[in-house]
Structure formats: C-alpha cells, structure tokens
Amino acid sequence: MKHLFLLVIALLGCIRSNAQTDKEASQYFSTPAIQFEEQTITINNGAQPALKVVITGNEDHYGKHLKQWFEKSFGLEGKRGNGMIVLPGAVITAWSMDSLNVMYRIEKDADKCALFLLAAKKNIYLNQKDHPAEINAIQQSL
C-alpha cells in the first residue's frame, strides 16, 4: 500500500511538472507576437512618451535577455532608479548618432510581457511624431 501511495504521488508530480513545461513550451513555439504602441507614462514628475512593446513570453526571461543584449552588444549596464532600469548617456548607434538617456521596465501583461522604453536625446523624450527615424530604429532592433 505504501508503494502504491508513493507511485501515485510520483505520477501526480510528473503530470504537474509536465503541465508547466507544456505551458512554457507553447509560449516559445507559438509565433511570436510583438505589438508596438506609443503610450504616455508618468516619470520624473511629468508625463512622457514611451514605446510600449507587448511580447510573447515571460517577463523575467525577457528582462534577462534584454539586459544581456544591452551589455554584450553595447557595453551598457543599467542601474535601478524610479522603478526603472536606467542607461544614462547610452550610445546606441543603431538607434541614434547622439547619446540617449534610456529607461525601461518590463511588466507582466496577461500571458505576455510589456516593455516600456523611454529614450531622451538632450533631455527631450523621443516620440513617433517628432522622431520617427529613431523610434523606427528602436522598433526594428527590439
């Protein structure tokens, strides 16, 4: 009887762990859905335009990948400030020939995650209307 009980517990554990694995696998094997939109968010006592990117995947995994991408591709290491990761004076030539102050945060968004990214050039936050080339370049690289 004891062996039967242990066998049932082991089977239930396998079924449960496979269900989680299947859920994560379905996220990575499904066609990635990436949606871009401009959204105003409050930061530094003011409302600023931010690029919102909704991505299929887990926010922790995407956050790690984005951090590694900034570090390996551009030698940038972010610091936490105002609830965001801040990359001051970032030189990302794929986005702009000028240095940018980049800030971002990643939040859970249902079964996806949302990246909120702000970029400022000479203390002016980039937006689609006034800086279409830079915003398009950011979208292409993300």
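Refer to the preceding data block for the structure.
What counts as what
Residues numbered from 1 in each chain as written. Predicted model: local features only at pLDDT ≥ 70, side-chain atom pairs only at ≥ 80, totals over all residues. Heavy atoms only, no water. Helix = DSSP H or I, 4+ residues; strand = E, 2+ residues; numbered from the N terminus. Buried < 20%, exposed > 50% of the residue type's maximum accessible area, 1.4 Å probe, protein only. Lys, Arg positive; Asp, Glu negative; His and termini not counted. Salt bridge = Lys/Arg side-chain N within 4 Å of Asp/Glu carboxyl O. Contact = heavy atoms within 4.5 Å. 1 Å grid on protein atoms, 1.4 Å probe; cavity = no way out; pocket = protein on both sides within 12 Å on 5 of 7 lines; lining within 4 Å. Points joined across faces, edges and corners; volume = space filled by probe spheres on them. Nonpolar A, V, L, I, M, F, W, Y, C, P; charged D, E, K, R; others polar. Phe/Tyr/Trp six-rings, centres within 6.5 Å; stacked < 30°, edge-to-face > 60°. Lys NZ or Arg CZ within 6 Å of the ring centre and 35° of its normal. Pairing = 2+ DSSP bridges.

Enquirer: Account for the side chain of Lys52, naming residues and giving values.
Expert: Considering the arrangement of structural elements, one finds Lys52 in strand S2 (residues 46-56). Asp109 provides the closest opposite charge to the buried, unpaired Lys52, separated from it by 4.1 Å. Residue contacts for Lys52: discarding those within four places in its chain leaves Gln35, Phe36, Glu37, Gln39, Asp109, Ala114, Leu115 and Phe116.

Enquirer: Tell me what's going on with the layout of surface pockets, and back it up with residues and numbers.
Expert: Estimated volume of the largest pocket: approximately 330 Å³. The wall of the largest pocket is formed by 14 residues, among which Gly63, Arg80, Ile85, Tyr104 and Ile106 lie closest to the centre. A total of five residues in the lining of the largest pocket trace back to one element, the largest contributor, which is helix H2 (residues 59-74). Residue classes in the lining of the largest pocket are distributed as four nonpolar, three polar and seven charged.

Enquirer: Would you mind going over the side chain of Gln139 in detail, with residue names and values included?
Expert: Position of Gln139 among the secondary structure elements: in helix H3 (residues 132-141). Residue Gln139 is classed as buried on the basis of its relative accessible area of 19%. With near-sequence residues (within four places) excluded, Gln139 lies in contact with Phe36, Leu51 and Gln128.

Enquirer: Quick rundown of the packing of aromatic side chains? Include the residues and the values.
Expert: Under the criterion given, the structure shown has five aromatic pairs. Judged by centre distance (5.2 Å) and plane angle (50°), the rings of Trp69 and Phe70 are tilted. Relative accessible area serves as the criterion here: at 25%, Trp69 is assigned to the partly exposed category. Given a relative accessible area of 1%, Phe70 falls into the buried group. Ring pairs connect the aromatic residues Trp69, Phe70, Phe74, Trp95 and Tyr104, which therefore count as one cluster. Over the ring of Phe116 we find Arg105, and its NZ or CZ is 5.1 Å from the ring centre.

Enquirer: Give a description of the pairing of strand S4 (residues 84-90) that names residues and reports values.
Expert: In this structure, strand S3 (residues 79-81) lies alongside S4, joined through three bridges in antiparallel fashion. If you follow Arg80 over to S4, its bridge partner there is Ile85. Between S3 and S4, which pair antiparallel and follow one another directly, the connecting turn spans two residues, one of which, Asn82, has a positive phi of 55°. Two strands pair when backbone bridges link them, and S4 and strand S5 (residues 100-109) are joined in this way by four bridges, in the antiparallel orientation. Its bridge partner lying in S5, Ile85 is registered against Tyr104.

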